[in-house]
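So the chains spell out like this:
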Amino acid sequence: MRPFAIIGLAAGLLLAVPAQAQNGAVEAPIKTFIDSFNKGDVAGAMATHVSTGATIVDEIAPYMWSGPKSFGDWGASYDKDAKANGITDPAVSVGAPTRELVDGDAAYVIVPSVYTFKQKGVPMREKAQMTFALTKTAAGWKIAAWTWTGPNPNPVK
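Just so we're clear, the structure is a prediction, and the values are computed from it rather than from any experiment.

### Concerning the pairing of strand E5 (residues 106–119)
A regular strand places its side chains on the two faces of the sheet in alternate fashion.
Here comes step 1: Relative to E5, strand E3 (residues 87–94) is paired through 6 bridges, and the arrangement is antiparallel. Among the inter-strand pairings, Ile87 is bridged to a residue of E5, identified as Gln119.
Here comes step 2: Pairing of strand E4 (residues 99–103) with E5, which is carried by 5 bridges, proceeds in the antiparallel orientation. Paired with Asp103 across the bridge in E5 is Ala106.
Here comes step 3: By the bridge criterion, 14 bridges tie E5 to strand E6 (residues 122–137) in an arrangement that is antiparallel.

Okay, here's the thing in structure tokens:
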């Protein structure tokens, strides 16, 4: 192959790869969702998701929720699990994205996450990651799907 053909091919491949986000607009609904969750602001957390209902995958049964009532159903499952397992004082923190891809009106973001809580009075911590798929709407970026992925929590030492 000629050098110019190789350069042209490489440039074409680079253009086909989704771009890394250049600003915090994509991360804004994620931050608002986590902040709202930590405050117990269900309406604020729900407002960060698409109005048609996000798909949620989490470590509590039934493990997946989708459709218009997904956020409320996930919240009810979370509350039921917390009561059954003596979980209080929940809080989630997230770090800077470890991967962020934006392609037009679609985005994919992975953030390191830590879930802290008390289980029957014992402080616990679970290091994990959250993966988000977002959609750009007329109202801005909204969460279309998210998943929590991590090992079992451990007592805080």
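### Observations regarding the environment of Ser70
Here comes step 1: Note on placement: Ser70 falls in helix H4 (residues 70–84).
Here comes step 2: Apart from the residues lying within four places of it in its own chain, the contact partners of Ser70 are Gly53, Ala54, Ile56 and Trp65.

### Some details on the layout of surface pockets
Here comes step 1: Considered as a void within the structure, the largest pocket measures approximately 380 Å³ in volume.
Here comes step 2: Residue lining of the largest pocket: 24 residues in total, with Glu59, Ile60, Tyr78, Tyr115 and Glu126 positioned closest to the centre.
Here comes step 3: Where the lining of the largest pocket is concerned, the elements lending two or more residues are helix H2 (28–39), H4, E3, E5, E6 and strand E7 (140–149).
Here comes step 4: Among the elements that make up the lining of the largest pocket, the one with the highest residue count is H4 (4 residues).
Here comes step 5: Partitioning the lining of the largest pocket into residue classes produces 16 nonpolar, 4 polar and 4 charged.
Here comes step 6: By volume, the second largest pocket amounts to about 290 Å³.
Here comes step 7: Along its surface, the second largest pocket is lined by 16 residues, and Phe37, Gly40, Val42, Tyr78 and Asp79 are the ones closest to its centre.
Here comes step 8: Listed by contribution, the elements that provide at least two residues to the lining of the second largest pocket are H2, helix H3 (42–46), H4 and E3.
Here comes step 9: Ranked by residues supplied to the lining of the second largest pocket, first place goes to H4 with 6 residues.
Here comes step 10: Here the lining of the second largest pocket is built from residues that sort into 9 nonpolar, 4 polar and 3 charged.

### Topic: the pattern of salt bridges
Here comes step 1: Across all of its chains, the model carries 2 salt bridges by this definition.
Here comes step 2: Notably, a salt bridge pairs Lys31 with Asp35, separated by 2.8 Å at the nearest N-O pair. Placement of both Lys31 and Asp35 in helix H2 is noted, with a separation of 4 residues, approximately one turn of the helix.
Here comes step 3: Residue Lys31 is classed as exposed on the basis of its relative accessible area of 51%.
Here comes step 4: With relative accessibility at 31%, the residue Asp35 sits in the partly exposed group.
Here comes step 5: Among the salt bridges present, the one from Lys118 reaches Asp89, with a minimum N-O distance of 3.8 Å. Of this pair, Lys118 sits in strand E5 while Asp89 sits in strand E3, and the two are 29 residues apart along the sequence.
Here comes step 6: Look at Lys118 and you get partly exposed, because its relative accessible area is 35%.

### A short note on the pairing of E7
Here comes step 1: Summarising the sheet, strand E1 (residues 55–57) and E7 pair through 3 bridges and their orientation is parallel. Bridge pairing in E7 links Thr55 to Ala145.
Here comes step 2: In this structure, E6 lies alongside E7, joined through 9 bridges in antiparallel fashion. The residue of E7 that forms the bridge with Lys136 is Trp141.
Here comes step 3: Hairpin geometry of E6 and E7 is characterised by an intervening segment of 2 residues between the two adjacent antiparallel strands.

Rules behind the numbers
Residues numbered from 1 in each chain as written. Predicted model: local features only at pLDDT ≥ 70, side-chain atom pairs only at ≥ 80, totals over all residues. Heavy atoms only, no water. Pairing = 2+ DSSP bridges. Helix = DSSP H or I, 4+ residues; strand = E, 2+ residues; numbered from the N terminus. Contact = heavy atoms within 4.5 Å. 1 Å grid on protein atoms, 1.4 Å probe; cavity = no way out; pocket = protein on both sides within 12 Å on 5 of 7 lines; lining within 4 Å. Points joined across faces, edges and corners; volume = space filled by probe spheres on them. Nonpolar A, V, L, I, M, F, W, Y, C, P; charged D, E, K, R; others polar. Salt bridge = Lys/Arg side-chain N within 4 Å of Asp/Glu carboxyl O. Buried < 20%, exposed > 50% of the residue type's maximum accessible area, 1.4 Å probe, protein only.

Honestly, that's just the spatial picture; any functional story needs more than this.
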